[in-house]
Amino acid sequence: MTLARTMDLVERARSGRHGVAAFNVITLEHAEAIALGAETTGQPAILQISENAVRFHGGRLRPIASAAVAVAEASTVPLAVHLDHVEDDSLLRQAAGTGISSAMYDASKLDYEANVAATRRAAEWARAQGLWLEAELGEIGGKDGAHAPGVRTDPDEALGFVDATSVDGIAVAVGSSHAMVERTAELDLALIGDLAGNLPVPLVLHGSSGVADEHLAAAVSAGIVKVNIGTILNVAFTKAVRDELAADPALVDPRKYLRPARDAIAAEVARLTALLSGSRP
């Protein structure tokens, strides 16, 4: 299967009135598990590598990006590779020529005018490289205190932001929060509907791990297109590792505990890709 482009997967989901899942990749096992889970349901997905994940890998994007691209190229379903939550301009520019087809440029720590200016420059560069660019207006809860909980994206301000920056997609603050380990977030479905009706670009939901299945489905029905999922995969991964090590304290071969951990992520991916592939009425 040829490596897919994020733009194509997002537009296909948008026109088909369903969602496309974007799963965080930290290790090779994450990438392999995401591919396996997507193949189980026959659904496309996006492998996304965050700036934090790149930092974990010593600040070097190319090795983990090359691994994710290789997994995507070998998959039997369309998989794209995305660079997520980039604040460092130099890291954004490293995406060129790697097989990554999109990025989320995060200037949300800046005030509105500075966010617009920085994001416009990023969008111009991305377009010249053939990359689809997502950005963020408003603040999404969590993320080490960088974003304020309870904030909501204003539809009119969002429209002005999209017009001023020419971004291809926008992450909106509608009640979710990054890094949640309990699925208790309450989404503002009416606001999602207003944003979807007001904006010419696809909506992206961050912090989706904290949202229960029925609310994720409802968010897609209301107009969310790209659904970012990370923490829930790590919960499953870590539980499987803990279980294996607790069952055999003498275990030292990482393959013995990474295999079930990889399988646990794949099961979550299969469930979520199936959930999000349902078409909106």
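Numbers given for residues are sequential positions, taken from 1 along each chain in its written order. Two thresholds apply to this predicted model, a pLDDT of at least 70 for residue-level local features and 80 or more for giving and counting side-chain atom pairs, whereas whole-chain, interface and lining totals are computed over all residues. Computation of side-chain values: all heavy atoms of the structure, hydrogens and water removed.

Examining the side chain of Glu29
In step 1: Secondary structure is summarised from DSSP: a helix means a run of H or I of at least four residues, a strand means a run of E of at least two, and numbering begins at the N terminus for each. Counting through the fold element by element, Glu29 comes out in helix H2 (residues 28-41).
In step 2: For the exposure calls, accessible area comes from a 1.4 Å probe over protein chains only, and a residue counts as buried if that area is under 20% of its type's maximum, exposed if over 50%, partly exposed in between. For this count, His and the chain ends are skipped, Lys and Arg are scored as positive, and Asp and Glu as negative. One side-chain nitrogen of Lys or Arg within 4 Å of one carboxyl oxygen of Asp or Glu is enough to make a salt bridge. For the buried residue Glu29, which engages in no salt bridge, the nearest side chain bearing the opposite charge is Arg262, 5.6 Å off.
In step 3: Not counting chain neighbours up to four residues away, the residues in contact with Glu29 comprise Phe237, Leu258 and Arg262. Any two residues whose heavy atoms approach within 4.5 Å are treated as being in contact.

Points about the sheet that holds strand E8 (residues 224-229)
In step 1: Any two strands between which DSSP finds at least two bridges are classified as paired. As summarised here, the arrangement of the eight strands in space is E1-E2-E3-E4-E5-E6-E7-E8, forming a closed barrel in which the pairing is parallel. Shown here is a sheet whose adjacent strand axes are inclined to one another by a mean of 25 degrees, direction ignored.
In step 2: Pairing between strand E5 (residues 132-136) and strand E6 (residues 169-171): three bridges, direction parallel. Bridged to Glu134 within E6 is Gly169.
In step 3: In this description, a line fitted to the C-alpha atoms serves as the axis of each element, helices being fitted only across the stretch in contact, and the angle between N-to-C directions of two axes falls anywhere from 0 to 180 degrees. The strands touched by helix H9 (residues 213-222) are strand E7 (203-205) and E8; relative to E8, the strand with the most contacts, the crossing angle is about 145 degrees.

Side note on the nonpolar core
In step 1: Core analysis: the largest hydrophobic core is formed by 79 residues, its most contacted members being Phe23, Ile49, Leu83, Leu133, Ile170 and Ile229.
In step 2: Top contributing element to this core by residue count: helix H11 (residues 254-276), with eight residues.
In step 3: Counting residues in hydrophobic clusters, the runner-up holds ten residues, among them Val10, Ala13, Ala80 and Trp132. What is meant by a nonpolar core is a set of buried Ala, Val, Leu, Ile, Met, Phe, Trp, Tyr and Cys residues, joined one to another through side-chain atoms within 4.5 Å.

Looking at the pairing of E5
In step 1: Counting buried residues along E5, five of its five residues qualify, which places the element largely inside the surrounding structure.
In step 2: Side chains of E5 alternate between two faces, with Trp132, Glu134 and Glu136 and Leu133 and Ala135 buried alike.
In step 3: Two strands pair when backbone bridges link them, and strand E4 (residues 102-105) and E5 are joined in this way by four bridges, in the parallel orientation. Following the sheet pairing, Met104 is matched in E5 by Glu134.
In step 4: A crossover counts as right-handed when, viewed with the strands pointing away from the observer, the path leading from the first strand over the helix to the second turns clockwise. Between the parallel pair E4 and E5, the chain is carried across by helix H6 (residues 112-129), and the sense of this crossover is right-handed.

Brief notes about H11
In an α-helix, one turn spans 3.6 residues, which is why side chains three or four residues apart end up on the same side.
In step 1: Compared with the 33 Å implied by 1.5 Å per residue over 23 residues, the 32 Å span of H11 between its first and last C-alpha is a close match.
In step 2: All of the buried residues in H11 are Tyr257, Ala261, Ala264, Ile265, Ala266, Glu268, Val269, Ala270, Leu272, Thr273 and Leu276.
In step 3: Looking at the buried positions of H11, the neighbouring elements they touch are strand E1 (20-24), H2, H9, E8 and helix H10 (231-247).
In step 4: Any pair of N or O atoms that falls within 3.5 Å is considered a polar contact. Within protein, one atom must be able to donate a hydrogen and the other to accept it, and sequence-neighbouring residues count only if both atoms are side-chain atoms. The backbone nitrogen of Arg255 has a side-chain oxygen 3.0 Å away, supplied by the residue at the start of H11, namely Asp253. One fewer than the residue count of a helix, multiplied by 1.5 Å, yields its expected span.

Overview of the confidence of the model for the chain
In step 1: Averaged over the chain, the pLDDT score is 89; the fraction of residues at 70 or greater is 88%.
In step 2: Per-residue pLDDT stays below 50 along residues 178-182; that stretch engages in 16 contacts with residues further than four places along the chain or on separate chains. How sure the predictor is of each residue is captured by pLDDT, a score from 0 to 100.

Remarks on helix H8 (residues 189-198)
In step 1: Burial in H8 covers these residues: Leu191, Ile192 and Leu195. The arc that holds the buried residues of H8, viewed along the axis, is 105 degrees, so those residues lie on one side. Facing away from the buried side of H8 by over 90 degrees, the exposed positions are Ala190 and Gly197.
In step 2: Buried residues in H8 make contact with helix H7 (155-165), E7, H9 and E8. Relevant arc is that of directions from the helix axis to the C-beta atoms, nothing else.

Some details on the pattern of salt bridges
In step 1: Tallied over the full model, the rule gives ten salt bridges.
In step 2: Close ionic contact of Asp8 with Arg5 constitutes a salt bridge, the shortest N to O distance being 3.0 Å.
In step 3: Residue Asp8 is classed as partly exposed on the basis of its relative accessible area, which comes to 30%.
In step 4: Residue classification places Arg5 among the partly exposed residues on the basis of a relative accessible area of 39%.
In step 5: For Glu87, the salt bridge is made with Lys109, and the minimal N-O distance between the two is 3.4 Å. Taken together, the residues Glu87 in the loop between strand E3 (79-86) and helix H5 (89-94) and Lys109 in the loop between E4 and H6 connect sequence positions 22 residues apart.
In step 6: Glu87 gets classed as partly exposed once you look at its relative accessible area, which sits at 34%.
In step 7: The exposure class assigned to Lys109 is exposed, which follows from its relative accessible area of 54%.
In step 8: Ionic contacts of the salt-bridge type, sharing partners, join the residues Asp213, Glu268 and Arg271 into one network.

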